[in-house]
Amino acid sequence: MDTTCARTRKSGEVLGVSGGTHSSHSRPWLGAFVGTFGASVIIQAFTVVQGIIIARLLGPIGRGEYATVILWPSVFAAIGIFGTNIALARAAARAGQYDAVIRTSILLAIITAPIAALLCYFCLPYLLPQSEMHLLGLSRVFVTFILLNHLGVNLVAVDQGAGKFRRFNFTRALLYPVYVAFLIVLWVKGINQVKWAALGLLAANLAVVLVRLSLVLKDMRLWGRLYSPIRAIRESIRFGLVGAAMPLYLQADKAILLWLLGAENLGLYVVALSAGGAIGSITNSAAMVSFTAAAQVERGEGFEKIAKTFRLSALLWLFFGGILAIAMPLLLPLVYGSEFASAVNPARLLIAGWAFAGLANLLDQSMRGQGRPFAGLEGRLAGITVIAMLGMALSQPWGLMGMCMAFILGQLVCMIVLVYCTMRNYSPHARFWNFVPQPLDAMYVLHRIASVFKSLNGFRQFA
């Protein structure tokens, strides 16, 4: 994609709005956002269905054991990739050597994955509480997830960096319908064992990797010129240092709950998290597109685009999050089963935490695209500290509600730190008030929502 054109794009183009006329260059970004948002909605829908089936199949205790099995391999996969996916995405965005970067992404996955898998395998006995040690064998089998994850994540990152959003969205969305189909088979056959749910997730990841590699072989030769692996590794170091904090930030609350309150409470909490984050696609898609947009302009450029996307996303969370909170007492027991009725109030609280987390991720991805990954590290470390300290202090007397409060405050602190880091990156153009939604933003959001409902109503009348 032409980086010269990218540097001259007007503000607001991620959402296709610049306060008046549209730039001719805004259309590709609008298309990318719409496509990515559509894929995120599909992923979110399948994630909800997946969570429903797992919860109904396994119950609170089984759901907690399933979360325990996949917890640490997921953490080691995210840490062990050591930022190579981000470095490869940036290389694809700037170098214009797509085939070469694809080959390097496969090579680096072959290097990083076995190292992370071995470390995870030998550390697992020390990371599981004694009460859950019967899950050690299954957790070790699930370590093979790391090998599949590194291959898939690297390939998807190159597509994202290169602006190949159609392939990017197809690949990242494929996992979810495949896994849901597997879970439906388990449900029909009456199989409700944790091991089959975990093995099904491995099978779904394997299917995604095989499909993506088949596309590689269709389009190019696997053997050929490489993008410098040494250069990619050198650039990945700063992203890897930052990335080490991310999985701990995402999983700290679950690890604390597992050790302090056991698998059953972890199962309730995971369901509450899933229900509270049911509308997470609001910010996920904007964050993905914002990374590519930020990577293709010079450092310090494009602030108004990021600020406007932040404001509109915040308003969308307020609108749809409010609706979800009101409907939660009816929806959660109906969808997940009456066994999870005690997760209703935690889920309502966690909507606020998910909103702060989504907005923080939006800013983090923009800063990564600008080559400033340590902004995210500062925010994640602050968030982890708050979650860990308050989680241990509040979860014992207040149980799930205490951990929910810790999650909300940790995400809020992370978002505030990232707002400050973003302002520092774009100084002197950035001000705090640029992130505060304005009346015109609210009018725009309401107008767009009304247009969507009007279109749906017209479609029903036509049908």
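Residues numbered from 1 in each chain as written. Predicted model: local features only at pLDDT ≥ 70, side-chain atom pairs only at ≥ 80, totals over all residues. Heavy atoms only, no water.

Remarks on the overall build of the protein
The cut-off we apply is this: Secondary structure counts use DSSP, requiring at least four H or I residues in a row for a helix and at least two E residues in a row for a strand, with both numbered from the N terminus. A 1.4 Å probe rolled over the protein chains alone gives each residue an accessible area, and that area as a share of the maximum for its type sets the label: buried under 20%, exposed over 50%, partly exposed in between. Contacts were defined at the residue level, with two residues in contact if any of their heavy atoms lie within 4.5 Å.
When helices and strands are tallied, the protein shows 16 helices and zero strands. Here the protein, with 463 residues, has 54% of them falling under the buried criterion. Restricting to contacts in the protein with at least 6 residues of sequence separation, those with at least 24 account for 84%.

Concerning the environment of Ser290
Along the chain, Ser290 falls in helix H11 (residues 281–295). Take Ser290: its relative accessible area is 5%, and that puts it in the buried class. Separated by 15 residues in sequence, Ser290 and Lys305 have C-alpha atoms that sit 8.6 Å apart.

Observations regarding the packing of aromatic side chains
For clarity, the threshold we go by: For Phe, Tyr and Trp, where Trp contributes only its six-membered ring, two rings pair if their centres lie within 6.5 Å, and the inter-plane angle classes them as stacked under 30 degrees, edge-to-face over 60, or tilted in between.
Scanning the entire structure with this criterion turns up eight aromatic pairs. Relative to Phe435, the ring of Phe310 lies with its centre 5.3 Å away and its plane at 85°, an arrangement referred to as edge-to-face. Of the two residues, Phe310 sits in helix H12 (residues 303–336) while Phe435 sits in the loop between helix H15 (400–425) and helix H16 (439–462), which places them 125 residues apart along the sequence. Looking at Phe435, the relative accessible area reads 4%, which means it is buried. Through a chain of ring-to-ring contacts, the aromatic side chains of Phe303, Phe310, Tyr426 and Phe435 assemble into a single cluster.

Some points on the nonpolar core
Heads up, the rule is: Put simply, buried Ala, Val, Leu, Ile, Met, Phe, Trp, Tyr and Cys residues joined by side-chain atoms within 4.5 Å make one nonpolar core.
Of all hydrophobic cores here, the largest spans 72 residues; its most connected members are Tyr66, Ile146, Tyr269 and Leu332. Considering each element in turn, this core owes the most residues, 15 residues, to helix H2 (residues 26–80). Core analysis: the second largest hydrophobic core is formed by 28 residues, Ala245, Met246, Leu377 and Ala430 among them.

Details of the pattern of salt bridges
Side chains that differ in charge, positive against negative, can pair when their charged atoms come close. Heads up, the rule is: Within this document, salt bridges are pairs made up of a side-chain nitrogen of Lys or Arg and a carboxyl oxygen of Asp or Glu, the two lying within 4 Å of each other.
Counted under the stated rule, the structure contains eight salt bridges. In this structure, Asp364 engages Arg368 in a salt bridge whose closest nitrogen and oxygen atoms are separated by 3.4 Å. Of the two residues, Asp364 and Arg368 both sit in helix H13 (residues 344–369), four residues apart, roughly one turn of that helix. In this structure Asp364 comes out as buried when scored by relative accessible area, which is 0%. Arg368 gets classed as buried once you look at its relative accessible area, which sits at 7%. The salt bridge involving Arg424 is made with Glu378; its shortest N-O contact spans 3.2 Å. Linking Arg424 in helix H15 with Glu378 in helix H14 (residues 374–398), this pair joins segments that are 46 residues apart in sequence.

Details of the confidence of the model for the protein
To keep things clear, this is the line we draw: pLDDT is defined as a per-residue confidence score from the predictor, taking values between 0 and 100.
Summarising the model, the protein shows a mean pLDDT of 83, and 89% of its residues fall at 70 or more. In the model of the protein, helix H1 (residues 3–7) stands out as the element of lowest mean pLDDT, 36, in contrast to helix H5 (residues 136–142), which has the highest, 96. A low-confidence stretch, residues 1–27 stays under pLDDT 50, and its non-local contacts, those more than four residues away or across chains, total 49 contacts.

Some details on the environment of Leu136
Within the secondary structure, Leu136 sits in helix H5. Relative accessible area serves as the criterion here: at 17%, Leu136 is assigned to the buried category. Through-space distance from the C-alpha of Leu136 to that of Leu124 is 7.1 Å; in sequence the pair is 12 residues apart. If we skip the residues at most four places from it in the chain, Leu136 touches Leu124, Pro125 and Leu128.

Topic: the environment of Asn345
Checked against the element boundaries, Asn345 lands in helix H13. In this structure the C-alpha to C-alpha distance between Asn345 and Met328, which are 17 residues apart in sequence, comes to 8.3 Å.

Some points on a nonpolar patch on the surface
Rule in force here: Each patch groups residues whose relative accessible area exceeds 30% and which form no salt bridge, using 9 Å between like charges and 5 Å between nonpolar side chains of Val, Leu, Ile, Met, Phe, Trp and Tyr. Note on areas: Shrake-Rupley with a 1.4 Å probe; residue coverage comes only from the protein chains shown.
There is a patch of nonpolar side chains on the surface, built from Leu107, Ile111, Ile115, Leu119 and Leu226 and spanning about 420 Å² of accessible area. Under the relative-accessibility criterion, Ile111 is labelled partly exposed at 41%.

Describing unusual backbone geometry
Across residues other than glycine, the phi torsion is negative in most instances, and most of the peptide bonds are trans. Positive phi, normally seen in glycine, also occurs at Phe82, with a value near 50°. By the element assignment, Phe82 lies in the loop between H2 and helix H3 (84–95). According to the relative accessible area criterion, Phe82 is partly exposed, its value standing at 34%.

What about the packing of helix H10 (residues 245–276) against H13?
Going by this rule: An axis is simply a line fitted to the C-alpha atoms; with a helix, the fit covers only the stretch in contact. Between two such axes, the angle follows the N-to-C directions and lies from 0 to 180 degrees. These descriptions rest on fixed angle ranges, namely under 35 degrees for roughly parallel, over 145 for roughly antiparallel, 65 to 115 for roughly perpendicular, and the rest for oblique. Note on convention: the crossing is left-handed when the near helix lies turned anticlockwise from the far helix by less than a right angle, right-handed when the turn is clockwise. Each residue receives one of three labels: charged for Asp, Glu, Lys and Arg, nonpolar for Ala, Val, Leu, Ile, Met, Phe, Trp, Tyr, Cys and Pro, and polar for the others, Gly being one of them.
Following both chains from N to C, one finds H10 and H13 inclined at 160°, their axes separated by 14 Å at the closest point. The orientation of H10 with respect to H13, classified from their angle, is roughly antiparallel. Our pair here, H10 against H13, has a crossing hand that is left-handed. From H10, Met246, Tyr269, Ala272, Leu273, Ala275 and Gly276 reach across to H13, where they touch Pro346, Ala347, Leu350, Ile351, Trp354, Asp364 and Arg368. Class assignment for the residues of the contact of H10 with H13 results in 10 nonpolar, one polar and two charged.

Observations concerning helix H7 (residues 165–189)
The condition that has to hold: Expected helix span is given by 1.5 Å per residue-to-residue step, counting one fewer step than there are residues. What we call the bend at a residue is the angle made by axes fitted to the seven residues finishing there and the seven residues starting there.
With 25 residues, H7 ought to run about 36 Å at 1.5 Å a step, and its terminal C-alpha atoms sit 37 Å apart, in line with that. Taking the largest bend as the criterion, H7 deviates by roughly 30°, centred on Ala173, and proline Pro177 comes between one and four positions later. Listing the buried residues of H7 in full gives Phe165, Phe168, Asn169, Thr171, Arg172, Ala173, Leu174, Leu175, Tyr179, Val180, Leu183 and Leu186. Just past H7, the residue Gly190 takes up positive phi, approximately 75°.

Points about the side chain of Glu65
The criterion, for reference: For the purpose of counting charges, residues Lys and Arg are taken to be positive, whereas Asp and Glu are taken to be negative. His and the chain ends are not included.
As for its position among the elements, Glu65 is in helix H2. Look at Glu65: it is buried, it has no salt bridge, and the nearest opposite charge is Arg63 at 11 Å. Ignoring anything within four residues of it in the chain, the contact list for Glu65 reads Glu132, His134, Leu135, Val194 and Ala263.

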